[in-house]
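Residue-level structural notes
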Amino acid sequence: MTGIFPDPSHDHRRCASASMAAAEAHCRDRGVRLSTMRRAVLEQLAESHEPLGAYEILDRLAVDGSRPAPISVYRALTFLTAEGLAHRIESLNAYVACAETHTDAQPLVFLICESCRQVGEAKASDLGIKVDAVARAAGFKPNRAALEIFGHCEHCRTDSE
Ligand SMILES: [Zn+2]
Ligand SMILES: [Zn+2]
Ligand SMILES: [Zn+2]
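Residues numbered from 1 in each chain as written. Chains lettered and ligands numbered in written order. Predicted model: local features only at pLDDT ≥ 70, side-chain atom pairs only at ≥ 80, totals over all residues. Heavy atoms only, no water.

In an ideal octahedron of six donors the angles at the metal are 90 or 180 degrees, and in an ideal tetrahedron of four donors they are 109.5 degrees. At the metal site, the zinc ion (ligand 3) is ligated by C113 (SG), C116 (SG), C153 (SG) and C156 (SG), and these contacts range over 2.3 to 2.4 Å. Geometry at the zinc ion (ligand 3) is tetrahedral, judged from its 4 donor atoms and the angles of 103 to 116° they form at the metal. On the primary sequence, the residues serving as donors to the zinc ion (ligand 3) are separated as C-x2-C-x36-C-x2-C. (Donors = N, O, S within 2.8 Å, 3.2 Å for Na, K, Ca; no water. Tetrahedral: all angles 85-135°; square planar, octahedral: opposite > 155°, others 65-115°.)

Below, the structure is given as structure tokens:
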């Protein structure tokens, strides 16, 4: 079993091409268009497991050509997050690519490493039921939930637990 945080020496080109292939299949199935800008933004996010802010994406796109308008990057990010091809990490105001399929009932659980800045996604299948119960006990109707957990990944932690 491979960990949520890939080994620092892993061949990331495989992760990146898996993300792009998953995005292409997703868009084909859903009949939505992976336009040039949407693809370019996703390619930047898929470059690494580190989240990127909108302006970091802009700067990276500007290296390859003319600097796109911020609004077109934001629109692409809105599309990618709505389609589940990327997630917004609220506390970092940054985005990561995602090649997984999620159901709405499951909260997203982000593990954010404070050392290498990589973000992993944990699977927590029973957490959705608990989150739902907590919200409903307060008379609150939840639409979506995300949990952002800060700490150290298996490659960065120094304790021997
Ligand atoms: Zn990778
Ligand atoms: Zn995801
Ligand atoms: Zn780490």
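In this section: the packing of helix α2 (residues 36-46) against helix α4 (residues 70-82). One way to put it is that α2 packs onto α4 with a least axis distance of 9 Å and a crossing angle of 75°. In this view, α2 runs roughly perpendicular relative to α4, as classed from their interaxial angle. Where α2 approaches α4, its residues M37, R38, V41, L42 and L45 are matched on the opposing element by S72, V73, A76, L77, F79 and L80. For the contact of α2 with α4, a count of residues per class yields 9 nonpolar, 1 polar and 1 charged. (Axes fitted to C-alpha atoms, helices over the stretch in contact; angles between N-to-C directions. Helix = DSSP H or I, 4+ residues; strand = E, 2+ residues; numbered from the N terminus. Parallel < 35°, antiparallel > 145°, perpendicular 65-115°, else oblique. Contact = heavy atoms within 4.5 Å. Nonpolar A, V, L, I, M, F, W, Y, C, P; charged D, E, K, R; others polar.)

So, about helix α3 (residues 54-64). Taken as a whole, α3 has its buried residues at A54, I57, L58 and L61. In an axial view of α3, the angular spread of the buried residues amounts to 100°, which keeps them on one side of the axis. Here the buried face of α3 lies against α2 and α4. (Buried < 20%, exposed > 50% of the residue type's maximum accessible area, 1.4 Å probe, protein only. Arc of directions from axis to C-beta.)

Inspection of the entire model under this criterion finds 8 salt bridges. The shortest N-O distance in the salt bridge between R88 and E90 comes to 3.1 Å. Note on R88: relative accessible area 31%, which makes it partly exposed. K123 is the salt-bridge partner of E100, the closest N and O atoms lying 2.9 Å from each other. Remark: K123 occurs in the loop between β4 (119-122) and α5 (127-137) and E100 occurs in the loop between β2 (94-97) and β3 (108-113); sequence separation between them is 23 residues. (Salt bridge = Lys/Arg side-chain N within 4 Å of Asp/Glu carboxyl O.)

Counting 23 residues, the largest nonpolar core has V41, L45, I57, V73, L77 and L80 as the members making the most contacts within it. When residues of this core are traced back to their parent elements, those giving at least two are α1 (12-30), α2, α3 and α4. Sequence-distant contacts of V73, defined by excluding residues within four places in its chain, comprise V41, A54, I57, L58, L61 and P68. Ranked by size, the runner-up nonpolar core spans 6 residues in total, among them I89, V96, F110 and V119. (Core = buried A, V, L, I, M, F, W, Y, C linked by side-chain atoms within 4.5 Å.)

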